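One-letter residues, chain by chain:
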Amino acid sequence: MIEYIREYKKYSSSYYVSEGVRTTAGVMVPLLVAVYFGRLDIGLALALGALCVSITDNTGPIHHRVNGMVAALVLIFLSSLITGLVLPYPWLVAVLVTVMGFVCSIIGVYGVRAGAVGAAGLLITILSIDEGLDSWKVLQNALLVSGGGMFYLTMSLLLYRLRPYKLIEKALGDSLLSMGDYLRARAAFYNPDIDYDANYKEVLEQQVLVHNKQSLVREMLFKTRDIVRESTHKSRILMMIFLDSVDLFERIMTSQQDYRQLHKVMDSSGLLPAFQKQILLLADELEKIGLALQEGKVSVPHEWLAETLRALEANFVEVRNATMDDSNIEGFVSLRHILNSVKDIQGRIETIHRYTSFDKKIGDSFSRTVDYNKFVSPSDFNLKLLFNNLSIHSNIFRHSVRVAVSLLAGYFLSTILPVGHGYWILLTIMVILKPAYSLTKKRNFERLAGTFSGAVLGAILLWLIHDDGVLVALMVVGMIVAYSMVRVKYLVSVVAMTVYVLIAFHYLKPGDFTVVLRDRLIDTLAGSAIAFIASFAIPPKWEHEQIQELLEEAILANARYFERVSSIFLGRTFHMEKYKLSRKDAFVKLANLSDAFQRMLNEPKRQQKKVQLIHQMVVNNHMLASHIATLASYRKMAERYASDKFQPIIQASVDHLEVAADYVRQRPAEHRVVSAEENFVIREELKQLLEQRLKEVAEGELDTSTRQRFSELKTIADQFEYINKISMELEKLGARLQG
């Protein structure tokens, strides 16, 4: 029950619900006003225009949202006008549907928002097919549709001006909530009976979610001019929360250990469950901050949080003093590192707690030190990009052809089937077909299951409820759920959409609602069948054909990230901005790789080439990034231990990674000479320190200068060893992949 309440609070305060309410208001207000004056026909046209423009109003920088909505306005006006004019000529309608299907899909090459603009234009074309108006009415209808879109645009801008930071706060809160889930997944490694493979899979999925949500917030913050100019204390604090949360995420990744070895050595101590409990408390704190940001409240840490940390440290010291010997000394060193990480993470979380007060004094302490433009991707509309994708080797081109052919087949089928609302076939095809096979497959199932479930639920509601007020309220709730869930739980969205459509038709065309129900089910089945056949007739570019490029990019990005971090251990100048850029690039490349791998797992088995090898390489890349992040957290210690002695293992690790990248992209790597890491002389020094430390422990001397040097130097050296070991493993896996 607690878990359900938690999930409900996350959803109800999220920006997804805000988007759902905004879309519902944009659609329903003009419709209800028109109905009040007895002009339902005008209301439907206005509502349709508002709905189409709302598709492009995705969360993001305000000027991007405005550009998208204006482009959609122009496109829906032209699409509605042209569709109305060619309706008397079925063959021209067939040509129009085919051309619009291709054009509105291919512009998705410019990103999600451009794809949404294309979807708006295609949607108005499909929904206008049943109109059958004369020339003057066609122009009038196009103007009304545009008017509805203009109403939505005005309403959206007005809401933004009234609360300019609200959407960013919600997106930032959502990012912190996902970080809390990621921390919970990491905490599971401390379970004595952990399934390592399953939990690594969960960690990777959560890591991708965090990356994606941080990328969204980064775009919103760094591309919103008012915030970048730091015009108000609130905008400065939002920037501080985000920047600190990115550093916090990296710090959470630094807890990466050899968990199998840790359990082997430390399970008998009874300390691991205590560490897990403290980490879970920190995950709860992140969730509390995320919810506070989404709800616009101030969050404060639990009063007993500091006390539990002190108790954990005291327990650790007590057990260490009582049980440490030569068999478990390295385990206690690892636990000391984890304890230091937990203390640091807790301090950072408490700082973010304070930020949620949005105290002016906090905002005044912030000063801009980096060029934010370097941290976001450019969004120029380059015609060369479009022309380069007009090739059968381009996945977006194949998708566009698939959509065009499917819509043409759907249009002809709609003219043959003896059912009304034939455009539902085209609508089903439009929402199901996606560039990736895995998403199309998932959407197809969810569309069918959601439609049938929604049809049953809608029929029950119409049979049981006869009060118009209750039915209208249910229709509005259905719209809010449908539009807020469309990017979260598509199955739920389709169920809600089917329910509100059935209720709407109950009023639009009173009578036997089972006719509408029958038509919707038949059309959905027909559209799903066409989409399913098209996915194989015009296959997408399978993930195994392109994942090697993403693997190479992730390996090389990790290599650059490692070089940037390790430079400080060689006594070189540390450039914070370059370091953060390399970190961001590595994390983005890892997220892209993990996304592609998850899609690959949902493709037909025969297309999952070398999936076990690729899975190992994906996991190793994430482990590598975690160890590099751990090494980065030791920057302060680097001032005491910087030495050229680290050069051999650094160079060897980079060489291994570059050879692995060559293997992955099927390039010959025989000419590459990998540096020898055997002369990593730190190992010999650590042996001597360990012998000296064991003598001190035997003599009862626990806190000495030897302990500190051994602990710190071993902690640093271990990370270099882990990174080198993973780099060698990636090289071996790359060679097998090439073979």
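Residues numbered from 1 in each chain as written. Predicted model: local features only at pLDDT ≥ 70, side-chain atom pairs only at ≥ 80, totals over all residues. Heavy atoms only, no water.

Comments concerning the overall build of the protein
Regarding its fold elements, the protein presents 30 helices and zero strands. Pairs at least 24 apart in sequence give 82% of the contacts found in the protein among residues at least 6 apart. When the accessible surface of the protein is split by element, carbon and sulfur atoms take 60% of a total near 32,000 Å². (Helix = DSSP H or I, 4+ residues; strand = E, 2+ residues; numbered from the N terminus. Contact = heavy atoms within 4.5 Å. Areas by Shrake-Rupley, 256 points an atom, 1.4 Å probe, with all protein chains shown as cover.)

Here's the deal with helix α19 (residues 423–432)
Judged by how many residues are buried, α19 sits mostly within the fold: nine of 10 residues are covered. Residues of α19 that are buried: Y423, W424, I425, L426, L427, T428, I429, M430 and I432. (Buried < 20%, exposed > 50% of the residue type's maximum accessible area, 1.4 Å probe, protein only.)

Re the packing of aromatic side chains
Both the distance between ring centres and the angle between the ring planes are used here to describe each pair of aromatic rings. Applying the stated criterion across every chain, the model contains 19 aromatic pairs. Relative to Y579, the ring of F574 has its centre 5.2 Å away and its plane inclined at 45°; by these criteria the two rings are tilted. Neither residue differs from the other here; F574 and Y579 are each classed as buried. Here the aromatic cluster, defined as three or more aromatic residues joined through ring pairs, consists of Y182, F249, Y561, F574, Y579 and F587. Above the face of the F358 ring, K234 is positioned so that its terminal group lies 5.1 Å from the ring centre. The lysine or arginine in question, R443, covers the ring of Y490, its NZ or CZ lying 3.9 Å from the ring centre. (Phe/Tyr/Trp six-rings, centres within 6.5 Å; stacked < 30°, edge-to-face > 60°. Lys NZ or Arg CZ within 6 Å of the ring centre and 35° of its normal.)

As for the side chain of T451
Along the polypeptide, T451 turns up in helix α20 (residues 437–464). Overall, T451 belongs to the buried group, its relative accessible area being 0%. Beyond its immediate stretch of four places on either side in the chain, T451 contacts E446, V494, T498, R520, L521 and T524.

A few points about the packing of helix α11 (residues 233–253) against helix α15 (residues 329–355)
At their nearest, the axes of α11 and α15 sit 10 Å apart, and the two run at 165° to each other. Of the possible angle classes, the one that applies to α11 and α15 is roughly antiparallel. Where α11 crosses over α15, the handedness of that crossing is left-handed. On α15, the residues that touch I237, M240, I241, D244, S245, D247, L248, R251 and I252 of α11 are N340, S341, D344, I345, R348, I349, T351, I352 and Y355. Class assignment of the residues belonging to the contact of α11 with α15 gives a composition of nine nonpolar, four polar and five charged. (Axes fitted to C-alpha atoms, helices over the stretch in contact; angles between N-to-C directions. Parallel < 35°, antiparallel > 145°, perpendicular 65-115°, else oblique. Left-handed = near helix turned anticlockwise from the far one by under 90°. Nonpolar A, V, L, I, M, F, W, Y, C, P; charged D, E, K, R; others polar.)

Overview of the pattern of salt bridges
Counting across every chain of the model gives 19 salt bridges. For R22, the salt bridge goes to D57, with nearest N and O atoms at 3.0 Å. Linking R22 in helix α2 (residues 15–36) with D57 in the loop between α3 (40–55) and α4 (62–86), this pair joins segments that are 35 residues apart in sequence. We note that R22, like D57, is buried. Across the salt bridge formed by D57 and R65, the nearest N and O atoms sit 2.7 Å from each other. Since its relative accessible area comes to 3%, D57 is described here as buried. (Salt bridge = Lys/Arg side-chain N within 4 Å of Asp/Glu carboxyl O.)

Description of a nonpolar patch on the surface
A cluster of nonpolar residues, V29, V33, Y36, F37 and F151, forms a patch on the protein surface that exposes about 550 Å² of accessible area. Ranked by residue count, the leading element in the nonpolar patch is α2, at three residues. Within the secondary structure, V33 is located in helix α2. (Patch = residues over 30% accessible without salt bridge, like charges linked within 9 Å, V, L, I, M, F, W, Y side chains within 5 Å.)

A look at the packing of helix α25 (residues 576–601) against helix α26 (residues 611–632)
Viewed as axis vectors pointing N to C, α25 and α26 meet at an angle of 155°, and their least axial separation amounts to 11 Å. When the axes of α25 and α26 are compared, the pair comes out roughly antiparallel. The handedness of the crossing between α25 and α26 is left-handed. Within the contact between the two elements, α25 uses Y579, L590, L593, S594, F597, M600 and L601 and α26 uses V611, I614, H615, V618, N621, H622, A625 and A632. Here the residues of the contact of α25 with α26 are counted per class, giving 11 nonpolar, four polar and no charged.

Focus on the environment of Q598
Looking at where Q598 falls in the secondary structure, it is placed in helix α25. Looking at Q598, the relative accessible area reads 25%, which means it is partly exposed. The sequence separation of Q598 and S438 amounts to 160 residues, and the corresponding C-alpha distance is 8.7 Å. When neighbours within four sequence positions are excluded, Q598 is seen to be in contact with K201 and E205.

Observations concerning the environment of R186
Positionally, R186 belongs in helix α8 (residues 166–187). Judged by its relative accessible area of 3%, R186 is buried. Along the sequence, R186 and E202 sit 16 residues apart, while their C-alpha atoms lie 9.0 Å from each other. Within the structure, the side chain of R186 is placed 2.5 Å from the side chain of Y182, a separation counted as a polar contact. (Polar contact = N/O pair within 3.5 Å; in protein donor to acceptor, adjacent residues only side chain to side chain.)

What to know about the environment of E295
Among the secondary structure elements, E295 is positioned in helix α13 (residues 272–295). Along the backbone, E295 and K166 are 129 residues apart, and their C-alpha atoms lie at a distance of 9.3 Å.

Remember that the coordinates give geometry; whether it matters functionally is a separate question.
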